[in-house]
Amino acid sequence: QTQLLGVLLAAASNFLISVSLNIQKCAHRRLVCQAEQKPYYMSKLWWCGITLLGLGEVGNFTAYGFTPIALVAPLGCVSVIGSAFISVFFLKKTMRTADILGGTLTVTGISLLVTFAPNVPQELTARQVQNYLVSWPFLVYSILEIIIFCILLYFYKRKAVKHIVILLMMVALLASLNVIAVKAVSSMIALSVKGKMQLTYSVFYIMIVLMATSCAFQIKFLNQAVHLYEATAVIPINFVFFTTSATISGVIFYQEFQSAALLSVVMFLFGCLLSFLGVFIIARNKKEEHLQIPFIDCGHIPGQKLTGKIQPDSHSSCCGTLNKEDDLVKRQS
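Conventions and cut-offs
Residues numbered from 1 in each chain as written. Predicted model: local features only at pLDDT ≥ 70, side-chain atom pairs only at ≥ 80, totals over all residues. Heavy atoms only, no water. Helix = DSSP H or I, 4+ residues; strand = E, 2+ residues; numbered from the N terminus. Buried < 20%, exposed > 50% of the residue type's maximum accessible area, 1.4 Å probe, protein only. Contact = heavy atoms within 4.5 Å. Areas by Shrake-Rupley, 256 points an atom, 1.4 Å probe, with all protein chains shown as cover. Axes fitted to C-alpha atoms, helices over the stretch in contact; angles between N-to-C directions. Parallel < 35°, antiparallel > 145°, perpendicular 65-115°, else oblique. Left-handed = near helix turned anticlockwise from the far one by under 90°. Nonpolar A, V, L, I, M, F, W, Y, C, P; charged D, E, K, R; others polar. Core = buried A, V, L, I, M, F, W, Y, C linked by side-chain atoms within 4.5 Å. Domains from an automatic or database assignment. Phe/Tyr/Trp six-rings, centres within 6.5 Å; stacked < 30°, edge-to-face > 60°. Lys NZ or Arg CZ within 6 Å of the ring centre and 35° of its normal. Patch = residues over 30% accessible without salt bridge, like charges linked within 9 Å, V, L, I, M, F, W, Y side chains within 5 Å. Salt bridge = Lys/Arg side-chain N within 4 Å of Asp/Glu carboxyl O. pLDDT = per-residue confidence, 0-100. Polar contact = N/O pair within 3.5 Å; in protein donor to acceptor, adjacent residues only side chain to side chain. Disulfide = S-S within 2.5 Å.

What follows is about the overall build of the protein. Helix and strand content of the protein: 12 helices and 0 strands. For the protein, the α and β elements follow one another from N to C terminus as α-α-α-α-α-α-α-α-α-α-α-α. Looking at the protein as a whole, 40% of its 333 residues qualify as buried. Restricting to contacts in the protein with at least 6 residues of sequence separation, those with at least 24 account for 77%. Carbon together with sulfur atoms contributes 67% to the accessible area of the protein, which is approximately 19000 Å² in total.

Structure, rendered in structure tokens:
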């Protein structure tokens, strides 16, 4: 029952996140169409989206206290398929066959994930977290992760390689530490609320620092990936990398599949594969939206004959010229 509650909470939270992203996009659209341009943070609709985003993230945080990491992480695909279908009704987009096929595959994958997810006790005490931190599988995993991250960081900083795979692999490595810390903090808070105080242990505050630090650097590298590459490429690749790294960290740190049957492991991995495939199909060939650059109406300038409305050139600092100005350039040449 507790695990089912966590699954429902994670799915609902990711759906809220998809709703919030579409509301924010709609708010930006409305602001662009208004005659009097206002900052986006002055929009009530934008703040409504931000509020839903906050609720979704809090829900995800809480879900880690009830549910294995290996189950919560793949449920992030709910936000992808939710966004695809909400945009059809909310942003008046056209429903594609790829959206239906991808959504069907993803829902099938989710049902397999829920059915064959590891069933392990989710109440984690501070002493258990301390023991996991010094266990040899996690120490080996941490050393390997640090080495890989340093190699990627070397190419990123010294060689100025900004490839999407390098950026999103760094995000995924940080995410694996982040989900470990989030689950530990969420579980210890849940136990403290039940009366078993865990907040007096130093490991609780160590995990909070790890959670905040890894989250901050995740945002840094993810924002750069979104800035340099199309969101339709970033979203599916990031989802696959994040889910894979989070699942591996849950298996190694919290030993979530320690007593699972081979069939359960195989079917769980098959469910992950279907979810990955569904997200890629939804994102494939999805065109990026670019806001139209409006024409600039200069109005009437006494003594000047206008060429009409002038459209900015995105590849030049020049925003057009007047006829008289053109004649002057010709005479000088």
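Further remarks concern the packing of helix H5 (residues 97–116) against helix H11 (residues 262–283). What describes two packed helices is the angle between their axes and the distance between those same axes. Two elements in contact, H5 and H11, have axes separated by 7 Å at closest approach and are oriented at 160°. By the angle between their directions, the pair H5 and H11 is classed as roughly antiparallel. The chirality of how H5 crosses H11 is left-handed. Looking at side-chain class alone, the contact of H5 with H11 contains 16 nonpolar, 9 polar and 1 charged residues.

On to the nonpolar core, then. Counting 43 residues, the largest nonpolar core has Val129, Met207, Phe253, Tyr254 and Phe268 as the members making the most contacts within it. Counting contributing residues per domain, this core is built from domain 1 (1–120) and domain 2 (121–255), each supplying no fewer than three. If sequence neighbours within four positions are ignored, Phe253 has contacts with Val129, Tyr132, Leu133, Phe138, Ile180 and Met207. Of all hydrophobic cores here, the second largest spans 15 residues; its members include Leu152, Tyr156, Leu167 and Val171.

Each aromatic ring pair is specified by the distance between its two centres and by the angle formed by the two planes. Per the counting criterion, the structure on display carries 10 aromatic pairs. Note on Phe204 and Tyr205: the rings are 5.1 Å apart at their centroids and 85° apart in plane angle, and the pair reads as edge-to-face. Residues Phe253 and Tyr254 carry aromatic rings whose centres are separated by 4.6 Å and whose planes lie at 80° to one another, so their mutual orientation is edge-to-face. Comparing Phe253 with Tyr254, the two get one shared label, buried. Here the aromatic residues Tyr132, Phe138, Phe253 and Tyr254 are joined through ring pairs into a cluster of three or more. Lys183 extends its terminal NZ or CZ atom over the ring of Tyr254, reaching a point 5.9 Å from the ring centre.

This part covers a nonpolar patch on the surface. Judged by side-chain polarity, Trp136, Val140, Leu144, Ile148, Val165 and Met169 come together as a nonpolar surface patch covering roughly 560 Å² of accessible area. Counting only elements with at least two residues in the nonpolar patch, the list comes to helix H7 (136–157) and helix H8 (164–193). By the secondary structure assignment, Trp136 is in helix H7. The exposure class of Trp136 is exposed, given its relative accessible area of 68%.

Before going further, it helps to spend a moment on the confidence of the model for the protein. Considering every residue of the protein, the mean pLDDT works out to 79; 82% of them sit at 70 or more. Segment residues 289–302 is flagged for pLDDT under 50; beyond a separation of four residues in sequence, or across chains, it makes 17 contacts in the model.

Here Ile281 lies in helix H11. On the basis of relative accessible area, Ile281 is assigned to the buried category, the value being 13%. Along the backbone, Ile281 and Pro236 are 45 residues apart, and their C-alpha atoms lie at a distance of 9.1 Å. Leave out the neighbours within four places in its chain, and Ile281 touches Arg96, Ala98, Leu101, Gly102 and Leu105.

As for its placement among the helices and strands, Ser192 is situated in helix H8. Not counting residues up to four positions away in its chain, the partners in contact with Ser192 are Met197, Gln198 and Leu199.

Tracing the sequence through the fold places Asn178 in helix H8. Of note is the side chain of Asn178, whose polar atom sits 3.1 Å from the side chain of Ser214. With residues up to four places along the chain from it excluded, the contact list for Asn178 reads Met211, Ser214, Cys215 and Gln218.

By the secondary structure assignment, Leu124 is in the loop between H5 and helix H6 (126–133). A relative accessible area of 4% means that Leu124 is categorised as buried. Setting aside residues no more than four positions away along its own chain, Leu124 makes contact with Val129, Tyr132, Lys183, Ser187, Met188, Leu191 and Tyr254.

This paragraph deals with the state of the cysteines. Applying the stated rule across the entire model yields 0 disulfides. As a non-bridged cysteine, Cys272 has Cys77 as the owner of its nearest cysteine sulfur, 9.0 Å distant.

This part is about the environment of Pro74. If you trace the backbone, Pro74 turns up in the loop between helix H3 (69–72) and helix H4 (77–90). Once the C-alpha coordinates of Pro74 and Gly271 are considered, the two residues, 197 residues apart in sequence, prove to be 9.2 Å apart. What Pro74 contacts, discounting residues up to four positions off in sequence, is Ile69, Leu113, Phe239, Thr243 and Cys272.

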